[in-house]
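# Report on the structure
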Amino acid sequence: MTIPFLSRSRTPAEDQPRRTVRLFISKDAAAVAVGAETVAAAIVRSAAATALPVEVVRTGSRGMLWLEPLVEVEIDGVRYGFGPIEPEALAGLLDAGILQADLKRLLAHPASLGPVDKIEYLAAQTRLTFARCGITDPLSLDNYRALGGCKGLEKALSLTPAGIVDEVAKSGLRGRGGAGFPTGIKWKSAHDVAGEQKYIVCNADEGDSGTFADRMLMEGDPFLLIEGMTIAGLAVGASKGFIYVRSEYPHAILALKAAVAVARKAGLLGANVAASGRAFDLEVRVGAGAYVCGEETALLESLEGKRGIVRAKPPLPAHKGLFGKPTVINNVLSFAAAPFILGEGAKAYADYGLGRSRGTMPIQLAGNIKRGGLFETAFGMTLGELVDDIGGDTASGRPVKAVQVGGPLGAYFPRALFDTPFDYEAFAARDGLIGHGGVVVFDDAADMARQAKFAFEFCAIESCGKCTPCRIGATRGAETIEKIMAGENDEANLALVADLCNTMKFGSLCALGGFTPYPVVSALTHFPDDFRRPAPRLQAAE
Amino acid sequence: MAPSEAETTARAVARQHGNRPDALIEILHGVQAVLGWVPESAVPALADALNLSRAEVHGVVTFSHDFRRQPAGRHVLKMCRAEACQAMGCEALVERAESRLGVSCGGTSADGRVTLESVYCLGLCASGPSGMMDGRVVGRLTAPRLDALLREAGA
Amino acid sequence: MTTLVKEPDFGTPASKMEKTVTLTIDGTKVAVPEGTSIMRAAMEMGTAIPKLCATDSIEAFGSCRLCLVEIQGRAGTPASCTTPVAEGLVVHTQTPRLAQIRRGVMELYISDHPLDCLTCAANGDCELQDMAGAVGLRDVRYGYEGANHVFAKQNGKANAEWMPKDESNPYFTYDPSKCIVCNRCVRACEEVQGTFALTISGRGFDSRVSPGMSESFLDSECVSCGACVQACPTATLTEKAVIEIGQPEHSVVTTCAYCGVGCSFKAEMRGEEVVRMVPYKDGKANRGHSCVKGRFAWGYATHTERILKPMLRDKITDPWRETTWEEAIGRVATEFKRIQYQYGKDAVGGITSSRCTNEETFLVQKLIRAGFGVNNVDTCARVCHSPTGYGLKTAFGTSAGTQDFDSIEHTDVVMIIGANPTDGHPVFASRMKKRLRQGAKLIVLDPRRIDMVRSPHIQADHHLPLTPGTNVAVLTAWRTSSPPRASSTRRSCASVATGRTSRSGPRSCRDRSTRPRSPPSIPASIQPRCAAPLASMQPAATPPSTTA
């Protein structure tokens, strides 16, 4: 589907004799990290030097990260892509006539990808949440509205709060942060509690390795998140919202703050949202380097200016959350799904997916993978399809050894489990989890014992320190794996690790300690050979 | 005795945030943005401004890995060591950086030029190994690229 | 037979809700108020679920993970301290699964703890010991070569996690090597005392209790109330006296003599020696809390300079001469009789102290009336409380306090006039601060900027720093402005108090005549507490004279 890029209307004079060539380069952090700023600046300089009418539009990323920096040029309403164009390769592209939009010459360029929308990777996706990402100027409300933005909000304003909650419940949306809790039930709980002051909190502390969907969305389509949170505010009766972004995402923080300012100026946030008489405003807050603050109650503690330790539940945040008030706390993608659900209807969303996993999941293919990036699709594709067909196997060319799905607290799956469909229950049935949808691929250079040790080490680094199984268990776990790797008493120590994993799984206060056993046990179960070290020739006397 | 620069900065930043105790983390970020670190003398000043105890502010400062209790080197190089970057060989690069700089992660080179830090995920998981040099994201790191970064920092 | 009084620890505070809930714990039905934790419900029926981070003077925390239970129909193993009862719940507190997890948790605790039980100050009074025994811990399979907070040196190098003992406070010691990071001390300092002097520095395995900014206890904001020492389940925070003497073996319940709160204490003794004073939970005034005075500063009782024998001297310039009780009492009696004979009966009188117990005051007035045969007896409270005594008696029929300390828990507005509770009545100040943190409003009428005006988490909604000597004018202005609106009241009070009225000068502040007005309606909430029937109550017709 080609989407004409809308901007300010052109005067007849501008149509002759030379039309402005519009180029699109992402300013997403993943593109910037590989040279997009340099490329964009060089293009602008070149255009100025040759006095060519060129407009460079900075967008979010299309999500085909192996192609970044991706340079797109719009010719006759179609956007043609070229990538990856790292700074060293720009000269070649300039020579091929990118500034003149010389289509014939350009299509012959080695980095030519053809019409971007037809690239297999993109075409195979079902982009409900990421519909606009990489296409629009993220801070242009006109762009946003032209491509369906604010439709959900308008619908929500016409419903009662209970009606909005009902729609979200019918859609089958489950929390995309990782817990997979039915969002409708969460919103209903907060809606049903009496209280004048309620809050909407967005968990944008996307700390899982292998995940970047939240980051991409906040940078590429921040208005979608704002609209989704506003809808939530209307649904439960909250007048104030907070977006808690991790400090490791500086680009996302800037993009969000700018978007909130634009939205406020346009009357979409503030005391009178879209002239409805209802109030809702947002504040962007930054984390301080703690993975555990991605846990909802630790996040609330952090928002209250305290140490980010986990709170016991009950009470649930929906009843007693931020500052003791009823609070809906959801992941970025959960809120971002709301505008579609309201705008197109719950059934439209629920029609995607299978079983109890409805709607689409923005899957992130990462690690040692040839075609890494964002792949939004309905639930149901198998892990193998994602890694082999979509992802193109490893970047190194060596065979895939293990895939960790769901972040650092997810299980390592071997090739033997590649037929597992991407679905909450299917992964759980095989002692895994899909979490926030991150898929990290490892080739055969990976040492799974080392990975198991890292699982404990990461838990130790990020532990808030409140509960004993995690505070002490993570450290002891890493020490014990190290002993196993050194061949010390491995039978006894393996049994000890198993017992420790049981203690952590059932004893921990939150998922940080509670799920650390997943990667450890899966490594032990599926890759036992990596743990069998030959005993050292000289052993210390027992 | 005249208040130190740290105390004055702390109070000014706190005021900008309406002296709201819940904004403590924002305020600490603000202080670090101005001073480059959070000096100890800032803590009692913040406690007073926000009507918290010294202990509470201290607890937050020491809990969060972002807040520096001493000044950093002229340049700060953060290298991601989370799973996705591990899968792309970040550990070898970290070893290389440590050896070039003569420090382990968390330390500052003897000449005060570069502070090397571990970071766990920058959200650049398909562009690894990744890092951040003075707040600037860098991806697809290789040994030559790392060396270039270190040279840039004068190391 | 007196023994050590050990009050049961129910784990979590009592619920104040009224509805009763019935549930089954380990096959026994038990009925408790709604809002009670499963842990407390179990304890009330005599089942002590293993616990380390829970204690009934502070809110549940859920960190030790020992008190896990299994609930029929619910997945997982929830913590009984943070899980409230529900109608019809079926709970099991001891199953093989729970036993395994508990042993796993204790194994982790002990893997980072000194093994010097036999020479430890808490030997015999240590909850960690108790729990290791309760869960059947037999083995710490992790060994002791791993990371820990126990050894100052490990493998020839200094152990970065180890911290030396903090002995700065004269009354108690902080030994970080024994800390199990249960957070009870931090929570006690926050919830019970309200000083917030403690925090946990760092996070994860590095977590250690930190007074102030990782300062010594003496340098920090700590006020030595002892709540943390009381809350600590191990020897981490221990009274120096216990370290020096050993465990007490019997208790005597007594009342602190230092101030008007009258905290109840257990004097824990070994033979005749007081080992320590521990607040008594059943004390109606203090409910298990204390301040530095009664808790620790009782050393005067055995101070070397304390006079233990009666002494006499004939002239003030003579040195003191030790004597017998008979001679001393005989001399005093004879001399007082002589003075009465020489100067008249009324030449003798007596004053008792508001720090005496009621019983002691009774004895003093008995001596004056029956012994000296005069009515010249009073209490020092007369000096401070003559006007308030008059006002209270006139308004409510008695000059005693109108309500108990517990009533602070239902208060919406607190007004402090000319008092500094933080220093003068610390335990009550803590209880007030707790209520204020819950949202009650505070008005302070005092020229001094007392601690209650602004201290961590406490801020007076109004501080009226009246000019000394204008109390009456301020209060009269307050009383006569109706209905009281904060701004106008403040204006009128402020202008009167500073004497800066446009028309009349200071003279108006001394004008004491007021027309009698109809009695103000007595708020329903205090009616039942009033001693005298309503009909006898009248407003003060004229402000009482300030000359006693």
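Residues numbered from 1 in each chain as written. Chains lettered and ligands numbered in written order. Predicted model: local features only at pLDDT ≥ 70, side-chain atom pairs only at ≥ 80, totals over all residues. Heavy atoms only, no water.

## Regarding the overall build of chain A
Note the threshold: Elements are defined by DSSP. Helices are runs of H or I of four residues or more, strands are runs of E of two residues or more, and each kind is numbered from the N terminus. A radius of gyration in this sense is built from C-alpha atoms; the matching globule rule multiplies 2.2 Å by the number of residues raised to 0.38. Accessible area is worked out with a 1.4 Å probe on protein chains only. A residue is then buried under 20% of its type maximum, exposed over 50%, and partly exposed in between. The contact criterion used throughout is that any non-hydrogen atoms of two residues lie within 4.5 Å. Residue-level accessible areas treat just the shown protein chains as cover; the underlying method is Shrake-Rupley with a 1.4 Å probe. Neither His nor the chain ends is counted toward charge; the positive residues are Lys and Arg and the negative residues Asp and Glu. All charge positions are set by atom: Lys at NZ, Arg at CZ, Asp at CG, Glu at CD.
In terms of helices and strands, chain A carries 24 helices and 16 strands. Against the globule reference of 24 Å for 542 residues, chain A gives a C-alpha radius of gyration of 25 Å, in line with a compact fold. With respect to the three principal axes, the spread of C-alpha positions in chain A is 90 × 60 × 40 Å. Relative to its 542 residues, chain A shows a buried fraction of 63%. Once local pairs closer than 6 in sequence are excluded, the contacts in chain A between residues at least 24 apart make up 71%. For chain A, the accessible surface area stands at approximately 18,900 Å², while carbon and sulfur atoms represent 55% of it. Each charge class in chain A was averaged separately, 57 positive and 61 negative side chains, and the resulting centres sit 4 Å apart.

## Some remarks on the interface of chain A and chain B
We apply this condition: Accessible-area loss on putting two parts together, using a 1.4 Å probe and summing over both, is the definition of buried area adopted here. The salt bridge criterion pairs a side-chain nitrogen of Lys or Arg with a carboxyl oxygen of Asp or Glu, the two atoms within 4 Å. Any pair of nitrogen or oxygen atoms within 3.5 Å is treated as a polar contact; in protein, a donor-acceptor pairing is required on top of that, and neighbouring residues in sequence qualify only through side-chain atoms on both sides. For this scheme, ten residues count as nonpolar: Ala, Val, Leu, Ile, Met, Phe, Trp, Tyr, Cys and Pro. Four count as charged, namely Asp, Glu, Lys and Arg, and the remainder, Gly too, count as polar.
Facing 63 residues of chain A, the contacting portion of chain B comprises 38 residues. Taking both partners together, chain A and chain B bury about 3,600 Å²; carbon and sulfur atoms supply 57% of that area. Along the contact surface separating chain A from chain B lie 4 salt bridges. Arginine 285 of chain A is paired through a salt bridge with aspartate 22 of chain B; the nearest N and O atoms lie 2.6 Å apart. On inspection of chain A and its partner chain B, the count reaches 21 residue pairs in polar contact (both at pLDDT 80 or more). For the side of chain A that touches chain B, the secondary-structure elements that each account for two or more residues are helix H2 (29-32), helix H13 (250-265), strand E8 (281-286), helix H14 (296-303), strand E12 (360-367), strand E16 (438-443) and helix H19 (448-462) of chain A. Of the residues assigned to the side of chain A that touches chain B, the class counts are 33 nonpolar, 17 polar and 13 charged.

## Overview of the pattern of salt bridges
The full count for this structure, using the stated rule, is 74 salt bridges over all chains. For glutamate 296 of chain A, the salt bridge goes to lysine 186 of chain A, with nearest N and O atoms at 3.8 Å. Separated by 110 residues along the polypeptide, glutamate 296 of chain A in helix H14 and lysine 186 of chain A in helix H10 (residues 183-192) bring together distant segments of the chain. Across the pair arginine 321 of chain C and glutamate 327 of chain C runs a salt bridge, and its minimum N-O distance is 3.1 Å. By relative accessible area, arginine 321 of chain C is classed as partly exposed at 39%.

## A closer look at the domain arrangement of chain B
Applicable threshold: Where each domain begins and ends is defined by an automated method or by a domain database.
Taken domain by domain, chain B comprises domain 1 (5-63) and domain 2 (75-152). Its C-alpha centre places domain 1 of chain B at a distance of 29 Å from the equivalent point of domain 2 of chain B.

## Observations regarding the nonpolar core
This is how the line gets drawn: What is meant by a nonpolar core is a set of buried Ala, Val, Leu, Ile, Met, Phe, Trp, Tyr and Cys residues, joined one to another through side-chain atoms within 4.5 Å.
Core analysis: the largest hydrophobic core is formed by 183 residues, its most contacted members being Trp187 and Val245 of chain A together with Met106 of chain C. The leading source of residues in this core is helix H12 (residues 222-236) of chain A, at 10 residues. Tryptophan 187 of chain A has contacts with Ile164, Val165, Val168, Gly228, Ile231, Ala232, Ala235, Val236, Val328, Asn330, Phe335 and Ala338 of chain A, leaving out every residue within four places of it along the chain. Of all hydrophobic cores here, the second largest spans 31 residues; its members include Ile119, Leu122, Phe375 and Val387 of chain A.

## Observations concerning helix H11 (residues 213-220) of chain A
Counting along an α-helix, one turn takes 3.6 residues, and residues three or four places apart therefore face a common direction. Among the 8 residues that make up H11 of chain A, 8 are buried, leaving the element largely enclosed by the rest of the structure. Turning to H11 of chain A, its buried residues are Ala213, Asp214, Arg215, Met216, Leu217, Met218, Glu219 and Gly220 of chain A.

## Points about the side chain of threonine 199 of chain C
Structurally, threonine 199 of chain C is set in strand E8 (residues 198-201). Ignoring anything within four residues of it in the chain, the contact list for threonine 199 of chain C reads Arg307 of chain A, Ala55, Glu56, His58 and Gly59 of chain B together with Val186, Arg208, Val209, Ser210 and Gly212 of chain C.

## Structural notes on the packing of aromatic side chains
All names here are of chain C. Heads up, the rule is: In this analysis, rings of Phe, Tyr and Trp, with Trp reduced to its six-membered ring, are considered paired at centre separations within 6.5 Å, and the interplanar angle assigns stacked below 30 degrees, edge-to-face beyond 60, and tilted for intermediate values.
Scanning the model with the defined rule gives 23 aromatic pairs over all chains in all. On the basis of an interplanar angle of 85° and a centroid distance of 5.1 Å, the ring pair of phenylalanine 172 and phenylalanine 217 is categorised as edge-to-face. Linking phenylalanine 172 in strand E7 (residues 172-174) with phenylalanine 217 in the loop between strand E9 (208-211) and helix H5 (227-231), this pair joins segments that are 45 residues apart in sequence. Looking at phenylalanine 217, the relative accessible area reads 2%, which means it is buried. Between the aromatic rings of phenylalanine 336 and phenylalanine 372, the centroid separation amounts to 5.1 Å while the plane-to-plane angle is 65°, which identifies the pairing as edge-to-face. Taken together, the residues phenylalanine 336 in helix H8 (residues 325-343) and phenylalanine 372 in the loop between helix H9 (358-371) and strand E17 (377-379) connect sequence positions 36 residues apart. Connected via pairs of aromatic rings, a cluster forms that spans Tyr171, Phe172, Tyr174, Phe217 and Phe296.

## A closer look at the packing of H12 of chain A against helix H15 (residues 332-344) of chain A
Residue and element names in this part refer to chain A. Defined as follows: The axes used here are C-alpha line fits, helices contributing only the stretch in contact, and every angle between their N-to-C directions lies in the interval 0 to 180 degrees. Each angle receives one of four descriptions, namely roughly parallel if under 35 degrees, roughly antiparallel if over 145, roughly perpendicular if within 65 to 115, and oblique otherwise.
The contact between H12 and H15 brings their axes to 7 Å, and the two run at 80°. When the axes of H12 and H15 are compared, the pair comes out roughly perpendicular. Along the contact surface, H12 presents Leu224, Leu225, Glu227, Gly228, Met229, Ile231 and Ala232, while H15 presents Val332, Phe335, Ala336, Ala338, Pro339 and Leu342.

## Here's the deal with the interface of chain A and chain C
Across the boundary between the two partners, chain A contributes 32 residues, which contact 33 residues of chain C. Around 2,800 Å² of area is buried between chain A and chain C when both sides are counted, 53% of it from carbon and sulfur atoms. Remark: the boundary between chain A and chain C carries 2 salt bridges. Between glutamate 462 of chain A and arginine 203 of chain C there is a salt bridge, with the nearest N and O atoms lying 3.0 Å from each other. Along the contact surface separating chain A from chain C lie 19 residue pairs in polar contact (both at pLDDT 80 or more). Across the side of chain A that touches chain C, the residue classes tally to 13 nonpolar, 11 polar and 8 charged.

## Observations regarding the sheet that holds strand E4 (residues 136-138) of chain B
In any sheet, the strands associate via hydrogen bonds between backbone groups, in a parallel or an antiparallel arrangement. Residue and element names in this part refer to chain B. This is how the line gets drawn: Whether two strands pair comes down to DSSP finding at least two bridges between them.
Taking strand neighbours across the sheet as the criterion, the 4 strands line up as E2-E1-E3-E4 in an open arrangement whose pairing is mixed. The sheet is open, and its two edges are formed by strand E2 (114-119) and E4, each paired on a single side. Between one strand and the next, the sheet's axes are offset by a mean angle of 25°, whatever the strand orientation. Inspection of the sheet shows strand E1 (residues 75-80) paired to strand E3 (residues 131-133) by 3 bridges, in the antiparallel sense. Bridge pairing links leucine 77 to methionine 133 in E3.

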